[in-house]
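This is what each chain is made of:
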Amino acid sequence: MSNRKKLLLVIALLILLLLFVLGYWFFGRTREVKKVGGLDITPSVPSAVKGDVFRVDVNFRTGTNGEAKPVSAMSFRLTYDYSGDNPDVQVVDENGVISDTLYPATEFLQSGEWTFPVRSVQEGAGSVVIDFAAVNTSLDGYMEDASKTIASIYFKAEDVPDAGAFTLEFNNDQTKMMTKEESPVNILSVPNNLNFTINKK
């Protein structure tokens with residue numbers, strides 16, 4: 001092989017290597033996502049007495065310390081377990097009547113920029129599943145670094161659980177906060193579960 005052909009072959013290999021590196025840089029590398037979004041439940045130290053109707057608020061923020069990002073949607077799934085034929089703690093409305101829904105905060109419900117396609121409560125064998133989804137319909141998305149209540153859930157302590165408490169647990173696969181951009185990403189940090197103490201009168 002002549003020196004000229006060897007040179008052309010080396011140049012061709014270098015071009016292929018360069019194309020491979022550029023392709024990996026633009027398409028193959030994992031996109032780093034900063035988990036700046038937050039979700040929490042209040043009251044933070046909850047307790048109730050058998051027979052009580054009590055409210056739990058789910059609050060969210062899209063960032064903190066000046067790092068808030070605009071979001072287009074958020075969702076959460078909460079579950080809690082029970083033993084026996086019926087839950088010791090039931091999801092109800094504010095009057096204590098058994099309910100299969102939860103309630104978006106008035107601020108967002110009346111804003112004209114949010115819809116709530118999922119607001120469901122399903123009782124299964126030994127477990128209650130609470131699903132909620134909210135979609136922001138504005139062009140710019142929603143951005144706020146202060147925590148705001150997005151939904152409220154009412155419970156009634158029909159009886160005292162065997163353990164004296166029940167745990168509201170987030171399902172992390174179904175709990176997300178998606179950015180408002182061409183390729184949305186989930187920016188939600190893992191939220192904390194919450195134990196509720198139920199006392200006898």
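Details of the structure are given in the entry above.
Criteria and cut-off values
- Residues numbered from 1 in each chain as written.
- Predicted model: local features only at pLDDT ≥ 70, side-chain atom pairs only at ≥ 80, totals over all residues.
- Heavy atoms only, no water.
- Pairing = 2+ DSSP bridges.
- Helix = DSSP H or I, 4+ residues; strand = E, 2+ residues; numbered from the N terminus.
- 1 Å grid on protein atoms, 1.4 Å probe; cavity = no way out; pocket = protein on both sides within 12 Å on 5 of 7 lines; lining within 4 Å.
- Points joined across faces, edges and corners; volume = space filled by probe spheres on them.
- Nonpolar A, V, L, I, M, F, W, Y, C, P; charged D, E, K, R; others polar.
- Salt bridge = Lys/Arg side-chain N within 4 Å of Asp/Glu carboxyl O.
- Buried < 20%, exposed > 50% of the residue type's maximum accessible area, 1.4 Å probe, protein only.
- Contact = heavy atoms within 4.5 Å.

A. Main features of the pairing of strand β3 (residues 53–61). The sheet contact formed by strand β1 (residues 38–42) and β3 spans five bridges and is antiparallel. Paired with Ile 41 across the strands is Val 58, a residue of β3. Alignment of β3 against strand β9 (residues 148–157), held across eight bridges, turns out to be antiparallel. Each residue of the ladder has a partner; that of Phe 60, found in β9, is Lys 148.

B. Main features of empty space enclosed by the protein. If you walk through the whole model with that rule in mind, you get one cavity of 30 Å³ or more. Considered as a void within the structure, the largest cavity measures approximately 30 Å³ in volume. Taken together, the residues that form the lining of the largest cavity break down as five nonpolar, no polar and two charged.

C. Focus on the pattern of salt bridges. One pass over the structure, following the stated rule, counts five salt bridges. When the shortest N-O distance is used, the salt bridge between Arg 55 and Asp 57 registers 2.9 Å. Exposure remark for Asp 57: the relative accessible area of 11% places this residue in the buried category. Salt-bridge contacts for Glu 107 lead to Lys 148; the nearest nitrogen and oxygen are separated by 3.8 Å.

D. Molecular detail of the pairing of strand β10 (residues 165–170). Burial along β10 is one-sided: Phe 166, Leu 168 and Phe 170 are buried, while Ala 165, Thr 167 and Glu 169, pointing the other way, are not. Two strands pair when backbone bridges link them, and strand β4 (residues 71–81) and β10 are joined in this way by two bridges, in the antiparallel orientation. The partner of Leu 78 across the bridge, within β10, is Phe 170. Bridge count between β10 and strand β12 (residues 194–199): four bridges; the pairing is antiparallel. Residue pairing in the sheet places Ala 165 in a bridge with Thr 197 of β12.

E. Layout of the environment of Phe 166. Counting through the fold element by element, Phe 166 comes out in strand β10. The exposure class of Phe 166 is buried, given its relative accessible area of 4%. Beyond its immediate stretch of four places on either side in the chain, Phe 166 contacts Phe 54, Tyr 80, Val 89, Leu 194, Asn 195, Phe 196 and Ile 198.

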